[in-house]
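# Commentary on secondary and tertiary structure
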Amino acid sequence: GFFDDNGDGTSCSRLDLYYASPFQNRLFQYDLTTNVTTGCVNVTTPGFTITGTPAMAKHPVSGVTYVVVKVSGVSGRVLGTIDLATGVVTQIGNLGTNFSSLAWSNDGATLYGTTGNGGAPSETLFTIDPLTGATTVVQALGNGVDGEVIAFAGDGTLFHWSGNTTVVMETIQIGTGTTDVPLTNGGGGETFGATFWPFSSLYGVPGPVFIVSNISSELRVVSPTGVYTSPALGVTLDDAR
């Protein structure tokens, strides 16, 4: 029921996965030992109403979780940090457009984000200043249609998912280009979220793997080589970021 955070037994964490809804103000806790959602809190911020959380990423060193939230009456999406126990968001800054995904580099030095199809520019990789929310364009992505999701693997490779009926999975050579990853067993439709899971094997797939969520509110396991498990690992209570 626990994994070893740093490999020497000095710090252990529950096998829990947190996910948020891009369509409502909910944060969920999911138990990977039983494959069920075990908790839910409202996502709030003082003085404003949050209507969804399109992106969430934990800093690999500090453990602080960063989010992109939709705030009622505010143009553009807002970067902030979230308390996973209470769901309270501390706002950092307005990102200026519609971001759909966040990913920290493995050393915690750089925060990356992607805009969705509704962003301006759309389907684009940025760096984000975690102190102010200021953004800088890195490169256009463009492969795939609906949805733009990114996550780093343990070796520092940045992966990207896009598309609905036809799912695209690729690696990003940051600042230069992308390389397609051929898929086995498909992706189950548009990818909504992805996180790298280095701690164990799931459904017989040798770790490390990615856990991804899709438009059918399923959690799936996919290897960095593009092999998806079937059936789904479990289901979520909403499309999960």
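Look a little higher up for the structure.
Quick look at the structure, then. (Residues numbered from 1 in each chain as written. Predicted model: local features only at pLDDT ≥ 70, side-chain atom pairs only at ≥ 80, totals over all residues. Heavy atoms only, no water.)

## Some remarks on the packing of aromatic side chains
Inspection of every chain in the model, using the stated rule, returns nine aromatic pairs. Relative to Phe 28, the ring of Tyr 19 lies with its centre 4.8 Å away and its plane at 20 degrees, an arrangement referred to as stacked. The same class applies to Tyr 19 and to Phe 28, which are both buried. Measuring from ring centre to ring centre gives 5.2 Å for Trp 161 and Phe 210, while their planes differ by 80 degrees; the resulting arrangement is edge-to-face. With a gap of 49 residues between them, Trp 161 in strand 15 (residues 158-162) and Phe 210 in strand 19 (residues 209-214) connect regions that are remote in the sequence. The same class applies to Trp 161 as to Phe 210, namely buried. In this structure an aromatic cluster arises from ring pairing among Phe 159, Trp 161, Phe 196 and Phe 210. (Phe/Tyr/Trp six-rings, centres within 6.5 Å; stacked < 30°, edge-to-face > 60°. Buried < 20%, exposed > 50% of the residue type's maximum accessible area, 1.4 Å probe, protein only. Helix = DSSP H or I, 4+ residues; strand = E, 2+ residues; numbered from the N terminus.)

## A short note on the nonpolar core
Core analysis: the biggest nonpolar cluster contains 15 residues, and Leu 32, Trp 197, Ile 211 and Leu 233 have the highest contact counts within it. For this core, the secondary structure elements donating two or more residues are strand 3 (16-20), strand 4 (26-31), strand 19 and strand 20 (218-222). Of all hydrophobic cores here, the second largest spans 13 residues; its members include Trp 161, Val 167, Val 212 and Val 222. (Core = buried A, V, L, I, M, F, W, Y, C linked by side-chain atoms within 4.5 Å.)

Geometric values such as these leave the question of function open.
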